[in-house]
Amino acid sequence: MSIEKELYKAGPYADFFSQGVRVGDALYLAGQVGMTEAGEIPSDLPAQVEAAYRNIASVLSEFGATMDNIVDETFFVTDMKECMSQVPAVFGARQTAYGKKPEVAQTLIGVSALVDPSLKVEIKVIAKL
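Definitions and limits used
Residues numbered from 1 in each chain as written. Predicted model: local features only at pLDDT ≥ 70, side-chain atom pairs only at ≥ 80, totals over all residues. Heavy atoms only, no water. Patch = residues over 30% accessible without salt bridge, like charges linked within 9 Å, V, L, I, M, F, W, Y side chains within 5 Å. Areas by Shrake-Rupley, 256 points an atom, 1.4 Å probe, with all protein chains shown as cover. Salt bridge = Lys/Arg side-chain N within 4 Å of Asp/Glu carboxyl O. Helix = DSSP H or I, 4+ residues; strand = E, 2+ residues; numbered from the N terminus. Buried < 20%, exposed > 50% of the residue type's maximum accessible area, 1.4 Å probe, protein only. Expected span 1.5 Å × (residues − 1). Polar contact = N/O pair within 3.5 Å; in protein donor to acceptor, adjacent residues only side chain to side chain. Phe/Tyr/Trp six-rings, centres within 6.5 Å; stacked < 30°, edge-to-face > 60°. Arc of directions from axis to C-beta. Contact = heavy atoms within 4.5 Å. Core = buried A, V, L, I, M, F, W, Y, C linked by side-chain atoms within 4.5 Å.

## Concerning a nonpolar patch on the surface
No. 1: Nonpolar side chains collect at one region of the surface, where Y13, F16, F17 and V115 lie side by side and expose about 470 Å² of accessible area between them.
No. 2: Mapping Y13 onto the fold places it in the loop between β1 (6-8) and β2 (20-23).
No. 3: Taking relative accessible area as the criterion, Y13 reaches 43% and is therefore assigned partly exposed.

## Section: helix α1 (residues 45-62)
No. 1: In this model, α1 (18 residues) spans 26 Å end to end at C-alpha, consistent with the 26 Å of a helix rising 1.5 Å per residue.
No. 2: All of the buried residues in α1 are L45, P46, A47, Q48, V49, A51, A52, Y53, N55, I56, V59 and L60.
No. 3: By the N-cap criterion, in which a side-chain oxygen at the helix start approaches the backbone nitrogen of a residue two or three places on, α1 is capped by D44, the distance to A47 being 3.2 Å.
No. 4: Backbone geometry just downstream of α1 places G64 in the positive-phi region, at approximately 75 degrees.

## A short note on the packing of aromatic side chains
No. 1: The tally for this structure, following the rule as stated, stands at three aromatic pairs.
No. 2: For the ring pair Y53 and Y98, a centre distance of 5.7 Å and an interplane angle of 70 degrees mean the geometry is edge-to-face. With Y53 in helix α1 and Y98 in helix α3 (residues 87-98), this pair connects stretches of sequence that are 45 residues apart. The same class applies to Y53 as to Y98, namely buried.
No. 3: Ring centres 5.8 Å apart and planes at 15 degrees place the aromatic pair F75 and F91 in the stacked group. Remark: F91 occurs in helix α3 and F75 occurs in strand β5 (residues 70-77); sequence separation between them is 16 residues.

## As for α3
Residues lying three or four places apart along an α-helix face the same way, a consequence of the helix completing one turn every 3.6 residues.
No. 1: Its 12 residues give α3 an end-to-end C-alpha distance of 16 Å, which sits within 8% of 16 Å, the value for a rise of 1.5 Å per residue.
No. 2: Turning to α3, its buried residues are V90, A93, R94 and Y98. The buried residues of α3 all sit within an arc of 135 degrees when viewed along its axis, so they share a single face. For α3, the exposed residues lying more than 90 degrees away from the buried face are P88 and T96.
No. 3: Buried residues in α3 make contact with α1, β5, α2 (80-85) and β6 (105-110).
No. 4: One or two residues past the end of α3 sits G99, with phi positive at roughly 80 degrees.

## Some thoughts on the nonpolar core
No. 1: By size, the foremost hydrophobic cluster in this structure holds 24 residues, and its most contacted members are V49, Y53, I56, L60, I70, F75 and I123.
No. 2: Mapped by element, the contributors of at least two residues to this core are β3 (26-29), α1, β5, α3 and β7 (121-128).
No. 3: Per element, the largest residue contribution to this core is seven residues, and it comes from α1.
No. 4: L60 has contacts with L27, L29, A65, T66, M67, I70 and A127, leaving out every residue within four places of it along the chain.

## Observations concerning the environment of V49
No. 1: Along the chain, the position of V49 falls in helix α1.
No. 2: When its relative accessible area of 1% is taken as the criterion, V49 is described as buried.

## Observations concerning the pattern of salt bridges
Any two side chains of opposite charge can pair if their charged atoms end up close together.
No. 1: The full count for this structure, using the stated rule, is five salt bridges.
No. 2: Across the pair D68 and K100 runs a salt bridge whose closest N-O atoms are separated by 3.2 Å. Residue D68 is found in the loop between α1 and β5, and its partner K100 is found in the loop between α3 and β6; the two are separated by 32 residues along the sequence.
No. 3: Of the residues examined, K100 reaches a relative accessible area of 37% and is grouped as partly exposed.
No. 4: Of the charged contacts, one joins R94 and E73 as a salt bridge, the two residues approaching to 2.4 Å between their closest N and O atoms. Taken together, the residues R94 in helix α3 and E73 in strand β5 connect sequence positions 21 residues apart. For the pair formed by R94 and E73, the shared burial category is buried.

Shown next as structure tokens:
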């Protein structure tokens with residue numbers, strides 16, 4: 001049985017995966033990293049979180065959605081100790097991205113590496129349309 005999917009492909013890996021996939025009223029985003037549109041990677045974790053959320057908002061907008069549509073998010077961080085030592089700044093950046101206290105399920109996972117050694121965070125979300 002096949003399902004109907006709406007895909008949004010962008011970026012340097014557009015031939016390999018979609019940035020977002022819509023199935024019915026559910027939207028699944030690929031993990032978004034803390035890289036700016038210009039390809040720059042900020043050196044600090046809170047700035048990378050801000051950049052990742054800007055990327056998330058950009059993909060959401062391709063489907064007519066906003067941060068308010070997010071129901072679930074997963075943070076993948078390369079240094080859990082660094083993340084926990086900066087909780088106010090990291091989660092402050094998160095709240096700023098949402099424009100309020102986020103009303104989402106959230107998971108924080110420590111990983112050994114991301115696609116670029118300079119990256120400290122990748123954020124994956126699921127949204128309801």
